[in-house]
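Listed below are the residues making up each chain.
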Amino acid sequence: MIQAVSSDNQSVGIVPIEGTINIVADSLAKQDIFAHGEIHLDIDFAIYGNHSNHIENIHKVYSIAPAISQTSNYIYEHNFKYDYVDSTIQSLEKIRDGIGAIAPVGSGEAYGYFPLDSHIQDYPHNVTRFLVIKNDTHFSKDANTTMFLISPTFDKPGLLASVLNTFALFNINLSWIESRPLKTKLGMYHFFVQADTPINGNIEKVISILETLDFKVKLIGAFTKTH
């Protein structure tokens, strides 16, 4: 879906970002996709398997990192081994005898799999954040939050502190910070930052300072924040 949005000016996609889904974060960094909105949805998780399986037969489960985290109590109680994949669809592809997949309730049936147990999340109001993506930068004029990819040009102590202090200098709150490996050099990371401020003069000053400090700054989204 991300590739389809990147190559089609008319396409709009909705992708999970909570906990940062690796493939989504990497696509925001490398492909021409940009965040134009966010959606918060209550997600119920189920464990899917073959029709011949019962929950007692399962010894290992696959899913994305946020789903594993949000069902950790259930996984611990059943003494499951677990491993990560890039999407819940990929987790369904791992299903075999004795191996299950954790995915949102209602998603496995379309692929011929059976819910062995449902509503297995740790908390009843389990909310996941999704981004609305397009391949253009025609952001809403009413946007009250902006997202940036901030990449250092070389490694040195205090890189993240430099980023945080620059936003703090202008009293700008950061509501989301994630790091991902640059993949070009061991130990190098870039930072995803969501700043609760519209695109204005202060943001331009922040970008100018960060660039002076040898960071590359890319605007990857602007939208009205959901409260």
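Preceding block: the structure.
The text that follows walks through the structure, step by step, so that each part is easy to find. Worth saying up front: this structure is predicted, and the values here are computed from it rather than measured.

**Some words on unusual backbone geometry**
Logical step 1: Even without glycine at this site, N79 takes up a positive phi of about 55°.
Logical step 2: Looking at where N79 falls in the secondary structure, it is placed in the loop between helix 4 (72-77) and strand 5 (81-84).
Logical step 3: The phi torsion at D214 lies on the positive side, around 70°, for a residue other than glycine.
Logical step 4: With respect to the helices and strands, the residue D214 is situated in the loop between helix 7 (201-212) and strand 12 (215-223).

**With respect to the nonpolar core**
Logical step 1: Counting residues in each nonpolar core, the largest one holds 18 residues, and the members touching the most others are L28, L131, I133, M147 and F192.
Logical step 2: For this core, the elements supplying multiple residues, two or more each, are helix 1 (2-7), helix 2 (22-30), strand 8 (127-134), strand 9 (145-152) and strand 12.
Logical step 3: Considering every element that reaches this core, the biggest residue donor is helix 2, with four residues.
Logical step 4: If we skip the residues at most four places from it in the chain, I133 touches I2, V5, S11, V12, G13, V15, I33 and F34.
Logical step 5: Judged by nonpolar contacts, the second largest core, of 16 residues, contains I58, Y74, I120 and F130.

**Details of the side chain of S91**
Logical step 1: As for its placement among the helices and strands, S91 is situated in helix 5 (residues 88-93).
Logical step 2: Residue contacts for S91: discarding those within four places in its chain leaves Y62, S63, V85, A101 and I102.

**Focus: the sheet that holds strand 5**
Logical step 1: Reading across from one edge, 5-4-6-3-7 is the order of the five strands in this open sheet, with mixed pairing throughout. Here the strands that pair on one side only, and so sit at the sheet edges, are strand 5 and strand 7 (114-118). Each strand of the sheet is rotated relative to its neighbour by a mean of 35°, with strand direction disregarded.
Logical step 2: Here strand 3 (residues 45-49) pairs with strand 7 via four bridges, running antiparallel. By the bridge assignment, G49 is partnered in strand 7 with F114.

**A word on a nonpolar patch on the surface**
Logical step 1: A cluster of nonpolar residues, L160, L164 and I177, forms a patch on the protein surface that exposes about 210 Å² of accessible area.
Logical step 2: Its location among the elements puts L164 in helix 6 (residues 159-169).
Logical step 3: Note on L164: relative accessible area 33%, which makes it partly exposed.

**Observations concerning the pattern of salt bridges**
A side chain with one charge may pair with a side chain of the opposite charge, provided their charged atoms come close.
Logical step 1: Within the structure shown, the criterion is met by two salt bridges.
Logical step 2: Across the pair E38 and R129 runs a salt bridge whose closest N-O atoms are separated by 2.9 Å. Placement of the pair is E38 in strand 2 (residues 34-42) and R129 in strand 8, with a sequence separation of 91 residues.
Logical step 3: The exposure class of R129 is buried, given its relative accessible area of 9%.
Logical step 4: For K225, the salt bridge identified is with D196, shortest N-O distance 3.1 Å. Of this pair, K225 sits in the segment after strand 12 while D196 sits in the loop between strand 11 (189-195) and helix 7; the two residues are 29 residues apart in sequence, bridging distant segments of the chain.

**A word on helix 6**
Within an α-helix, residues lying three or four positions from one another point in the same direction, as the helix has 3.6 residues per turn.
Logical step 1: Listed in full, the buried residues belonging to helix 6 are L159, V163, T166 and F167. End-on, the buried residues of helix 6 take up no more than an arc of 95°, which puts them together on one face. Exposed residues lying more than 90 degrees from the buried face of helix 6 are N165, A168 and L169.

**Focus: the pairing of strand 4 (residues 60-63)**
Logical step 1: As paired elements, strand 4 and strand 5 share four bridges and run parallel to each other. In the sheet register, K60 faces strand 5, and the bridge partner there is K81.

**Observations concerning the packing of aromatic side chains**
Logical step 1: Applying the stated criterion across every chain, the model contains five aromatic pairs.
Logical step 2: Judged by centre distance (6.2 Å) and plane angle (50°), the rings of Y74 and F80 are tilted. Like Y74, the residue F80 is buried in the burial classification.
Logical step 3: Their ring planes at 75° and their centres at 5.8 Å tell us that Y82 and Y84 sit as a pair that is edge-to-face.

The rules behind each value
Residues numbered from 1 in each chain as written. Predicted model: local features only at pLDDT ≥ 70, side-chain atom pairs only at ≥ 80, totals over all residues. Heavy atoms only, no water. Helix = DSSP H or I, 4+ residues; strand = E, 2+ residues; numbered from the N terminus. Core = buried A, V, L, I, M, F, W, Y, C linked by side-chain atoms within 4.5 Å. Buried < 20%, exposed > 50% of the residue type's maximum accessible area, 1.4 Å probe, protein only. Contact = heavy atoms within 4.5 Å. Pairing = 2+ DSSP bridges. Axes fitted to C-alpha atoms, helices over the stretch in contact; angles between N-to-C directions. Patch = residues over 30% accessible without salt bridge, like charges linked within 9 Å, V, L, I, M, F, W, Y side chains within 5 Å. Areas by Shrake-Rupley, 256 points an atom, 1.4 Å probe, with all protein chains shown as cover. Salt bridge = Lys/Arg side-chain N within 4 Å of Asp/Glu carboxyl O. Arc of directions from axis to C-beta. Phe/Tyr/Trp six-rings, centres within 6.5 Å; stacked < 30°, edge-to-face > 60°.

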